[in-house]
Every structure is written in structure tokens, then in C-alpha cells.
Amino acid sequence: MKRIPSATLRLAAAGLTVVSISTAVGAGLAQQAPNRTPVEIGVYSGRHYNTDKELYRQFTARTGIKVNVLESKDDAIIERLKSEGRNTPADVLVLVDAARLDIATDQGLFQPTRSAALQRDVPANLRDSQGRWYGLTRRVRAVVVNPKLVNPATIRTYADLANPALKGKLCLRERKSPYNQSLVASQMILRGDATTRNWVRGMVANVKQPFFTSDTPLARAVARGECAVGVVNSYYVARMLSGAGGAEDKRLAQQVKIVYVNPSHVNISGAGVTRHAKNPQAALRLIEFLASPTGGRGYAEANNEYPLKGVGNNPYLKGFGTFRADGVSVEQIGSRSRAATQMMEANGWK
Ligand SMILES: [Fe+2]
């Protein structure tokens, strides 16, 4: 890859500061000339939280770079970007979960980038080693417990979910959820394939049917006592507690306890510059903003997630207590996610 030297992008609009960006973009992309007309970038995002748009507005106010957002389901976005090829209007691709970032990377939808700001702001295990994507927010795969049915203190690790004492009491989301694919991949990396296979078998033996299609109904089922324990991203229960999903969800969320097992699997939402970006430098600046302590906090809070560093100020997340991240590289998790999916399928995870 050819390196384009550090560039200073001068924004001509009155009142805007000159911003230095250190970046190198992939070969074949011309360096943008200092731009006197408003720059526009397109963002395809698998995040679909209205509050994200406020962050994009803040970025535009700061930089003068206009952001056009298309939000859709991750898989649909990946397909769209593939079919659009070099005609895509997307400069930035935002996806949730290591498994999906890995798919998009394998399909060549990102281009490698370099950024001193991103190397500083995004911990190394939360970004691609070749700079094709960068983590923006962190989400923790947690155990949701109905304390009337199971003592939360008996759940200390994911391994405890395979305890035969939980037979008929465990609710799981279906195999095709990348959240669970990544969870299983993280266990393969930490505990090896044989141990993980036995764990998957033990959990499947404990499952109360059916397998759920998403985390929120699963959390509701735990709250109603239809199952005693389940596995969810904690932001779903935080969202229920916040009342954003209505009074009934709030009441239900108050019936459950979130347990952060030790260590916890941490996943990300992440973004990269698309291979065919028209404005790769402006695209990288948006990613830098979203990963910065200022922008990143808002992006995390928008979905009750954790920022890249520290735990933020979300009152619902604070109520869940602290967690210890397992520290596994998200890139490595992505690369094992297909093997994880095969293991799940072979062992009865529907
Ligand atoms: Fe989600």
C-alpha cells in the first residue's frame, strides 16, 4: 500500500478551525485538495438509534463536513455495499459485532487506514491490525437472572450456564445471532475448542425452548419467570430500565439482575473507511470524532453502551456494577466466528 503523507485539511468556511489529520489512505486514491466547497460523506450504519444522528450533527457543526446517513440492518447494508461496488455513496461503514466486521473485511468492503488519533483512542484489541475498522463503543455479553428462581451469586462465569442445575431454566438467542457467535468464538480462544464444545453441549442441554430471535424478548421471558437465566447484551436491559421501551418493559427489567461474569466477553460497534470512499480523509475524520473521548461518549450513551475507555456515566450501566473484560482481540474473535457457528450448529444450538 502506498502511503500518502500527513495532510492538513484546511476548512475554508468562516469560523472553522484548521484541523490537522494524520492519515494514509489506500493505494489508488488521490489525496484530496484543500477543499473550498462543503465536503459530504455517506455513512452506512447498522446502528439504528435515533440518538446517533445527534453525534453526526455535532461532527458537522465542528468540521463543516455534511453526513448523509443510511441506517439499515447490518446484513442488508453489507449486501448493498457489495452490489453498489465502486458506485457506492458510502464513505464510512458502521457495523455492530466482531462477526459482522469480519465478514465485511473478508469481502473487501473496507480499506486500510492509518491514524495517530485512532491508535491513541482505540485500544489495540478493539481495532483491526491493518486499520480496516476501529471500535467505537463497547458492549458486554451479560447473564440476565431472575433472582426469584436462581441465586445470582451462583453465576460467576459463562461456564456456570452449563451447570446441570439449570436444566430447563436457560434461555438463549438463536445461533444466527452474531452476538452469540462471537461469545462462543471468545470462549474457543480463551478455553480451547474441546472445553468450549462441552460447554455449548451443556448449555444446549439446559435450554428451555424455543431459541429466541433477539435479546429483548429473552430478557422479558427471564423477568416473567419463563426461564431463570439468559444471555443478553446489557444495553438491552439498560434500555428497558430507562423506560425507552415503555412502562411494561421498565417494570419487567426491574425484576431481573444483570450479572457480569468474570471475565466478560466484550464486543464492539465499529467503523471503517469503505474501499470505494469518495472522501476517505473526511470519512476518517468522522471515525476519529466518534472514537474520541468527546464523540465516543455520546455514541456509547446513545445505546446504553460503554465507551472505549472507562465506564462512562450511564446510570443504568452503573447499576449493573463493574466488569472485567477478557481482553481478547476483537479481530481474533471475528476470525473464529465461523468456526464458532459450525460448533454451535454441530451441537444443537438452533
Ligand atoms: Fe443489538
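Here's a quick rundown of the structure.

Conventions used here
- By convention here, each chain's residues receive numbers from 1 onward along its written sequence.
- It should be noted that, the model being predicted, local features are given only for residues of pLDDT at least 70 and side-chain atom pairs only at 80 or more, the latter also being counted only at that level, while totals for whole chains, interfaces and linings use all residues.
- Put simply, DSSP marks the helices as runs of H or I at least four residues long and the strands as runs of E at least two long, and each gets a number from the N terminus on.
- Each residue is classed by its C-beta neighbour count within 10 Å, where at least 20 other C-beta atoms makes it buried, 12 or fewer makes it exposed, and intermediate counts make it partly exposed; the C-beta atoms are placed from backbone geometry.
- Each residue gets a C-beta atom placed from its backbone, and two residues are in contact if those atoms lie within 7 Å.
- A pair of strands counts as paired when DSSP detects no fewer than two bridges linking them.
- The handedness of a crossover follows from its direction of travel: if, with the strands pointing away from the viewer, the path from the first strand over the helix to the second runs clockwise, the crossover is right-handed.
- A fitted line through C-alpha atoms represents every axis, and for helices the fit uses only the stretch in contact; the resulting angles, taken between N-to-C directions, go from 0 to 180 degrees.
- When an angle is under 35 degrees it counts as roughly parallel; over 145 it counts as roughly antiparallel; between 65 and 115 it counts as roughly perpendicular; any other value is oblique.
- Three residue categories are used. Nonpolar comprises Ala, Val, Leu, Ile, Met, Phe, Trp, Tyr, Cys and Pro, charged comprises Asp, Glu, Lys and Arg, and polar comprises the others, including Gly.
- Connectivity within a nonpolar core runs through C-beta atoms within 7 Å, and the core itself is a set of buried Ala, Val, Leu, Ile, Met, Phe, Trp, Tyr and Cys residues.
- What counts as a domain boundary in this text is fixed by an automatic or database domain assignment.

Take the environment of lysine 176 next. Residue position: lysine 176 is located in the loop between β9 (170-171) and α5 (178-191). Take lysine 176: there are 15 C-beta atoms within 10 Å of it, and that puts it in the partly exposed class. With 37 residues separating them along the chain, lysine 176 and threonine 213 place their C-alpha atoms 8.7 Å apart.

What follows covers helix α7 (residues 215-223). Turning to α7, its buried residues are Asp215, Leu218, Ala219, Arg220, Val222 and Ala223. Of the surrounding secondary structure, the elements contacted by the buried residues of α7 are β8 (134-145), β9, β10 (229-233), α8 (234-242) and α9 (247-253). One or two residues past the end of α7 sits glycine 225, with phi positive at roughly 80 degrees.

Within strand β4 (residues 40-45), 5 of the 6 residues are buried, leaving the element largely enclosed by the surrounding structure. Summarising the sheet, β4 and strand β5 (residues 66-71) pair through 6 bridges and their orientation is parallel. Paired with valine 43 across the bridge in β5 is valine 69. For the crossover from β4 across helix α1 (residues 52-63) to β5, the handedness is right-handed. Alignment of β4 against strand β6 (residues 92-96), held across 3 bridges, turns out to be parallel. Paired with serine 45 across the bridge in β6 is valine 94.

Right, let's talk about the packing of helix α3 (residues 98-106) against helix α13 (residues 330-346) for a bit. The interhelical angle for the contact between α3 and α13, taken along N-to-C directions, is 75 degrees, at an axis separation of 8 Å. By the criterion of interaxial angle, the relationship of α3 to α13 is roughly perpendicular. The residues of α13 that touch α3, namely those facing Ala98, Ala99, Leu101 and Asp102, are Val330, Ile333, Gly334, Ser335 and Ser337. The residue inventory of the contact of α3 with α13, partitioned by class, reads 5 nonpolar, 3 polar and 1 charged.

Along the chain, alanine 228 turns up in the loop between α7 and β10. Remark: the alpha-carbon pair of alanine 228 and valine 144, spanning 84 residues in sequence, is separated by 8.3 Å. When sequence neighbours within four positions are dropped, the list of residues in contact with alanine 228 reads Val145, Asn146, Leu149, Val150, Leu166, Lys169 and Val222.

Grouped together as the largest cluster of nonpolar side chains are 101 residues, with contacts concentrated most on Val92, Leu93, Val144, Ala219, Val229 and Val237. Sort the elements by how many residues they give to this core and helix α10 (residues 280-291) lands first, with 8 residues. Residues from two domains meet in this core; each of domain 1 (7-138 + 268-301) and domain 2 (139-266 + 312-346) gives at least three. With near-sequence residues (within four places) excluded, leucine 93 lies in contact with Tyr44, Leu81, Ala104, Leu109, Phe110, Ala271, Gly272 and Thr274.

Here glutamine 209 and proline 210 are connected by a cis peptide whose omega angle stands at -5 degrees. Examined against the element boundaries, proline 210 turns out to sit in the loop between α6 (193-206) and α7. The residue after asparagine 262, namely proline 263, is reached through a cis peptide bond having omega 0 degrees. Structurally, proline 263 can be placed in the loop between β11 (257-259) and β12 (266-273). For aspartate 97, which is not glycine, the phi torsion reads 85 degrees and is therefore positive. Summarising the element assignment, aspartate 97 is placed in the loop between β6 and α3. You will see that asparagine 304, though not glycine, has its phi angle at about 55 degrees, which is positive. With respect to the helices, strands and loops of the structure, asparagine 304 is situated in the loop between α11 (293-301) and α12 (315-319).

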